[in-house]
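# A closer look at the structure
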Amino acid sequence: VADARVALGTMRAHEVVDPDRCFAIGHSEGAAIVTELADETAGVVLLAAPAQDGRAVLEWQGKRVTETLPAAVGWILKLLRIDPTKQQAKQLDKLAETTDDVVKVQFQKVNAKWFREFLTHDPADTLRGLETPVLAITGSHDIQVDPGDVARIGELVAGPFEGHVLDDVTHLLRVEEAEPNLRTYKKQVKEPVAPAVLALVTDWVTRA
């Protein structure tokens, strides 16, 4: 947030920029960051933005990702009596109780400090009563942030609001007509951003 605030200040100070017409656009975690700067801007664009605390986001994400696992993987998990949801909850509890910046989880280094901050951060605290214009866009095929959060954002803010859930658009803001899953992300990033996303953002910023 501090870095974004400095960047916003630098942009405002530029000789060709109207300081009263500066907007901030953020995607996913970036959307949560620019939400904190909303009242310092002419408006914010929140792409695939969470409207719940980090723990709720990760729990929802875990359930959706589990649903997209190959049938063979699901069969093995059942055979081994492994419940991914319960396993995730245990790991999040352990991370929440850590005090070091980095810890090892299943022999892998994890940024525990980031997790502790993310788990407790709730964008709703900032969005509630916000009077700055807000545009929120999410895809119906997002499996990392609940598309229902677009409606939640609209209920929380007090200022001008426009929200869209675009059909077949994923968390990466690409069009994917097939059932979404994380395994297609490498392919998706090679594709252009969904034209509808670019059109909505351009139109809204021009009108705001």
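Up top is the structure.
The structure reproduced in this document is the subject of the present report. (Residues numbered from 1 in each chain as written. Predicted model: local features only at pLDDT ≥ 70, side-chain atom pairs only at ≥ 80, totals over all residues. Heavy atoms only, no water.)

## Remarks on helix H3 (residues 54–67)
Given 3.6 residues to a turn, an α-helix orients residues that are three or four positions apart in the same direction. With 14 residues, H3 should reach 20 Å at 1.5 Å per residue; the first-to-last C-alpha distance of 20 Å fits that figure. Taken residue by residue, H3 has Gly-54, Val-57, Leu-58, Gly-62 and Val-65 as its buried positions. Down the axis of H3, the smallest arc covering the buried residues is 135 degrees, so these residues share one side. Two or three places before Arg-55, at the opening of H3, Asp-53 has a side-chain oxygen 3.0 Å from that residue's backbone nitrogen. (Helix = DSSP H or I, 4+ residues; strand = E, 2+ residues; numbered from the N terminus. Expected span 1.5 Å × (residues − 1). Buried < 20%, exposed > 50% of the residue type's maximum accessible area, 1.4 Å probe, protein only. Arc of directions from axis to C-beta. Polar contact = N/O pair within 3.5 Å; in protein donor to acceptor, adjacent residues only side chain to side chain.)

## Focus: the sheet that holds strand S1 (residues 23–27)
If you trace the four strands from one edge of the open sheet to the other, you get S1-S2-S5-S6, paired in parallel fashion. Bordering the open sheet on either side are S1 and strand S6 (161–170), each of which pairs with just one other strand. Across the sheet, the mean angle separating the axes of adjacent strands is 15 degrees when strand polarity is ignored. Where strand S2 (residues 43–47) meets strand S5 (residues 134–141), four bridges bridge the pair, whose relative direction is parallel. When the sheet's bridge partners are listed, Leu-46 is paired in S5 with Ala-136. (Pairing = 2+ DSSP bridges. Axes fitted to C-alpha atoms, helices over the stretch in contact; angles between N-to-C directions.)

## A word on the pattern of salt bridges
Taken as a whole and judged by the stated rule, the model has nine salt bridges. Among the ionic pairs, Arg-5 bridges to Glu-40, the shortest N-O distance being 2.7 Å. Of the two residues, Arg-5 sits in helix H1 (residues 2–13) while Glu-40 sits in the loop between helix H2 (29–35) and S2, which places them 35 residues apart along the sequence. Overall, Arg-5 belongs to the partly exposed group, its relative accessible area being 37%. Accessibility expressed as a relative area gives 24% for Glu-40, which makes it partly exposed. (Salt bridge = Lys/Arg side-chain N within 4 Å of Asp/Glu carboxyl O.)

## Quick word on the packing of H3 against helix H6 (residues 112–120)
Viewed as axis vectors pointing N to C, H3 and H6 meet at an angle of 100 degrees, and their least axial separation amounts to 5 Å. Between H3 and H6, the interaxial angle falls into the category roughly perpendicular. The segment H3 lies against H6, with Gly-54, Arg-55, Val-57 and Leu-58 engaging Phe-115, Phe-118 and Leu-119. (Parallel < 35°, antiparallel > 145°, perpendicular 65-115°, else oblique. Contact = heavy atoms within 4.5 Å.)

## Comments concerning the layout of surface pockets
Of the volumes computed, that of the second largest pocket is approximately 210 Å³. Lining the second largest pocket, in full, are Val-1, Glu-29, Ala-32, Ile-33, Glu-36, Trp-114, Glu-117, Phe-118 and His-121. Going through the elements one at a time, H2 and H6 are the ones with two or more residues in the lining of the second largest pocket. (1 Å grid on protein atoms, 1.4 Å probe; cavity = no way out; pocket = protein on both sides within 12 Å on 5 of 7 lines; lining within 4 Å. Points joined across faces, edges and corners; volume = space filled by probe spheres on them.)

## Structural notes on helix H8 (residues 149–156)
Every buried residue of H8 is accounted for by Asp-149, Val-150, Ile-153 and Leu-156. For H8, the angular spread of buried residues about the axis comes to 125 degrees, placing them on one side. Of the surrounding elements, those touching the buried residues of H8 are S2, helix H7 (124–127), S5 and S6.

## Points about the pairing of S6
Pairing of S5 with S6 involves seven bridges; the strand directions are parallel. Within S6, the residue paired with Leu-135 across the bridge is Glu-162. Between S5 and its parallel partner S6, the chain crosses via H8, and the hand of that crossover is right-handed. (Right-handed = clockwise from strand over helix to strand, strands pointing away.)

## As for the environment of Arg-174
Tracing the backbone shows Arg-174 in the loop between S6 and helix H9 (185–188). Spatially, the C-alpha atom of Arg-174 lies 23 Å from that of Gly-154, the residues being 20 residues apart in sequence. When residues no more than four places from it in sequence are discounted, the contact partners of Arg-174 are Asp-168, Val-169, Gln-188, Val-189, Glu-191, Pro-192, Val-193 and Ala-194. Of note is the side chain of Arg-174, whose polar atom sits 2.8 Å from the backbone oxygen of Leu-172. For Arg-174, the side chain forms a polar contact with the main-chain oxygen of Gln-188, separated by 3.2 Å.

## A look at empty space enclosed by the protein
Under the defined criterion, the tally for this structure stands at one cavity of 30 Å³ or more. In this structure, the largest cavity spans a volume of roughly 30 Å³. Lining of the largest cavity is provided by Ala-32, Pro-50, Gln-52, Asp-53, Gly-54, Val-57, Phe-118, His-121 and Pro-123. Here the lining of the largest cavity is built from residues that sort into five nonpolar, three polar and one charged. (Nonpolar A, V, L, I, M, F, W, Y, C, P; charged D, E, K, R; others polar.)

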